[in-house]
Amino acid sequence: MNRSTLQITSGALMIIPILFSKSLTGTFIQAVCLIVLAVLSGRKFRPLPNIILLLSVSLAHTLQPSGLQLFTIGSFPVTLGSLSIGAKKALLLISFMYVSHYMMKYRPRIPGKLGRLISMQFFYYDRLTTNWHSIEQKRPLIPAIDTLMIEASQNNHEIHLKEKMDERANLNDIVSHIVHVALMYIIFAIFSHWFAHIVPVMELLP
Amino acid sequence: MKQQTKSHTEARLELVALLAACALFLSTIEYMIPKPVPFMRLGLANLALIISLGILSDKEYFILLLLKVIGQALITGSLFSYVILFSLAGSLSSALVMLIVYKVFKEKVSCVGISIAGALFSTLAQLTVSRFILFGEGTYVIAPPFLLSGLVSAVILGVFAQMFIERSRWYQTVSGAQA
């Protein structure tokens, strides 16, 4: 199995416990674990957009009151139910974002004509980014982009599509991916109802 | 003759790939600009679509659109996330509207008009998606700032595209070769 296939398969397997998690705390822990996994896969983590997403989605859901009323802003009631539904939804979306980052660690190869076009696109993309750094005068912007496009389109019939070789996964890769997937299922199990029967204190968590 | 046709087709595909790469390059620049919410877009990558209206056929234009959406998702890692839905809805609706506006009004409309029409429909499509998967009924609260920011960035983008078309040597060469 190739590394990209292994990465996508493990990510796809992780989606199941994320999707079926009923506990807010469980979803939060899953999201944190996914962020850590995505960062370990070489992706950047920017906290501010995630915090804003969490706050904005939670606040937007307060417009539909449900459950225990916490307080009122003017005549508008802020309820626990709507806040937790919003937070759960936002955490789910954040989890999906980072599981996607995790799955895309190695660029998957798409077969056929579309795949060839995408390879060509990335070839030119590499050319544009490389040439952009070598352009000394980046201002004014229009002549700079014009130069960039002219340079990139030169000798376009002699394209040698260079792609990173998609290496085969070794035993270490397989074991680490099994651990990642297992981690998600363990968190799901710990915060599920049947575990709360064994450890009643879990019932107290949202 | 057959060889010539093939090399012409190949050259056209390379032009589409170059424009798609340009869209990707611009979306990378956009990705680096901090945004208050992750799905909010300035639409810099739409510049490639606006420019391509005068140089690509309808089929090539939609191939460019497809490459733009997939390429952006691959670069940002959002291929399997909810962000792809926003990207698809926004790109598809704006591309379709920009093409219709361009075909109907031809020289009577500038890049600014095309860009505004595209941005308006892109924002509306994204608000519809957010109504169902993000904010629910609360979407109407975020609609005005979204429409306003979309309008402002569309005007800037349209002016930039118009200036690029008028001044670019690359564009003159490509459009001249097509004519």
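Note that the structure is a prediction, hence the values are computed from the model and not measured.

**Some details on the overall build of chain B**
Of the regular secondary structure elements, chain B holds seven helices and zero strands. In sequence order, the secondary structure elements of chain B are arranged as α-α-α-α-α-α-α. Out of the 179 residues in chain B, the part that is buried amounts to 55%. Excluding contacts between residues fewer than 6 apart, the proportion of contacts in chain B whose partners are at least 24 apart in sequence is 68%. Of the roughly 8,200 Å² of accessible surface on chain B, 71% is carried by carbon and sulfur atoms.

**Some remarks on the overall build of chain A**
Each helix and strand in chain A was counted, giving eight helices and two strands. Reading chain A from its N end, one meets helices and strands in the order α-α-α-β-β-α-α-α-α-α. Per-residue burial over chain A gives 43% buried out of 206 residues. Sequence-distant contacts in chain A: of pairs separated by 6 or more residues, those separated by 24 or more amount to 69%. For chain A, the exposed surface amounts to about 11,700 Å²; the carbon and sulfur share of it is 67%.

**Some thoughts on the packing of helix H2 (residues 24–40) of chain A against helix H7 (residues 171–190) of chain A**
Residue and element names in this part refer to chain A. Between H2 and H7, the least distance of the axes is 9 Å, while the angle of their chain directions is 165°. With respect to H7, the axis of H2 lies roughly antiparallel. In terms of crossing hand, the pair formed by H2 and H7 is right-handed. Residues Gly26, Ile29, Gln30, Cys33, Leu34 and Leu37 of H2 touch H7, and the partners they reach there are His180, Leu183, Met184, Ile187 and Phe188. When the residues that make up the contact of H2 with H7 are grouped by side-chain class, the tally is eight nonpolar, three polar and no charged.

**Brief notes about the interface of chain A and chain B**
Listed per partner, the contact involves 49 residues of chain A and 52 residues of chain B. Note on chain A versus chain B: buried area summed over both sides is about 4,500 Å², and carbon and sulfur give 74% of it. On the chain A side of the contact with chain B, Gln121(A), Ile142(A) and Met149(A) bury the most area, a combined 15% of that side's loss. Scanning the region where chain A abuts chain B turns up two salt bridges. Of the charged contacts in the structure, one is a salt bridge between Glu10(B) and Arg116(A), with a shortest N-O distance of 2.5 Å.

**Side note on the environment of Ser41(A)**
Tracing the backbone shows Ser41(A) in the loop between H2 and helix H3 (47–61). Polar contacts involving the side chain of Ser41(A) include one to the main-chain carbonyl oxygen of Leu37(A), which spans 2.8 Å.

**Focus on the nonpolar core**
Counting 58 residues, the largest nonpolar core has Leu128(A), Met149(A), Leu19(B), Ile51(B), Ile55(B) and Trp170(B) as the members making the most contacts within it. Considering each element in turn, this core owes the most residues, twelve residues, to helix H1 (residues 2–32) of chain B. Each residue touching Ile51(B), except ones within four places of it in the same chain, is listed here: Phe164(B), Ile165(B), Trp170(B) and Tyr171(B). The next biggest cluster of nonpolar side chains, apart from the first, holds 34 residues, and it includes Ala60(A), Met184(A), Phe191(A) and Tyr82(B).

So, how was this worked out
Each chain carries its own residue numbering, running from 1 in the written order of its sequence. Written order decides the labels, with chains lettered from A and ligands numbered from 1. For a predicted model such as this one, the threshold for reporting local features is a pLDDT of at least 70, and the threshold for listing and counting side-chain atom pairs is 80 or more; totals across whole chains, interfaces and linings nevertheless cover every residue. By convention in this description, side-chain values take in all heavy atoms of the structure and omit both hydrogens and water. Each helix is a run of DSSP H or I of at least 4 residues and each strand a run of E of at least 2, with the numbering of both proceeding from the N terminus. Three labels apply to residues, based on accessible area from a 1.4 Å probe with only protein chains included: buried if under 20% of the type maximum, exposed if over 50%, partly exposed otherwise in between. Whether two residues touch is decided by their heavy atoms; if any such pair falls within 4.5 Å, the residues are in contact. Exposure was quantified through the Shrake-Rupley algorithm and a 1.4 Å probe, taking into account, for residues, occlusion by the shown protein chains and nothing else. Convention adopted: a line fitted to C-alpha atoms gives each axis, helices being fitted over their contacting stretch, and angles between N-to-C directions are expressed from 0 to 180 degrees. Oblique is the label for any angle not covered by the other classes, which are roughly parallel (under 35 degrees), roughly antiparallel (over 145) and roughly perpendicular (65 to 115). Note on convention: near helix rotated counterclockwise from far helix by under a right angle means a left-handed crossing. Clockwise means right-handed. Put simply, Ala, Val, Leu, Ile, Met, Phe, Trp, Tyr, Cys and Pro go in the nonpolar bin, Asp, Glu, Lys and Arg in the charged bin, and everything else, Gly too, in the polar bin. Here the quantity called buried area is the total loss of accessible area, with a 1.4 Å probe, experienced by two parts when brought into contact, counted for both. The term salt bridge refers to a side-chain nitrogen of Lys or Arg lying within 4 Å of a carboxyl oxygen of Asp or Glu. Think of a polar contact as two N or O atoms within 3.5 Å of one another; within protein, one of them needs to be a possible hydrogen donor and the other a possible acceptor, and neighboring residues in sequence only count if both atoms come from side chains. Buried residues of nine kinds, namely Ala, Val, Leu, Ile, Met, Phe, Trp, Tyr and Cys, make up a nonpolar core once their side-chain atoms join them within 4.5 Å.

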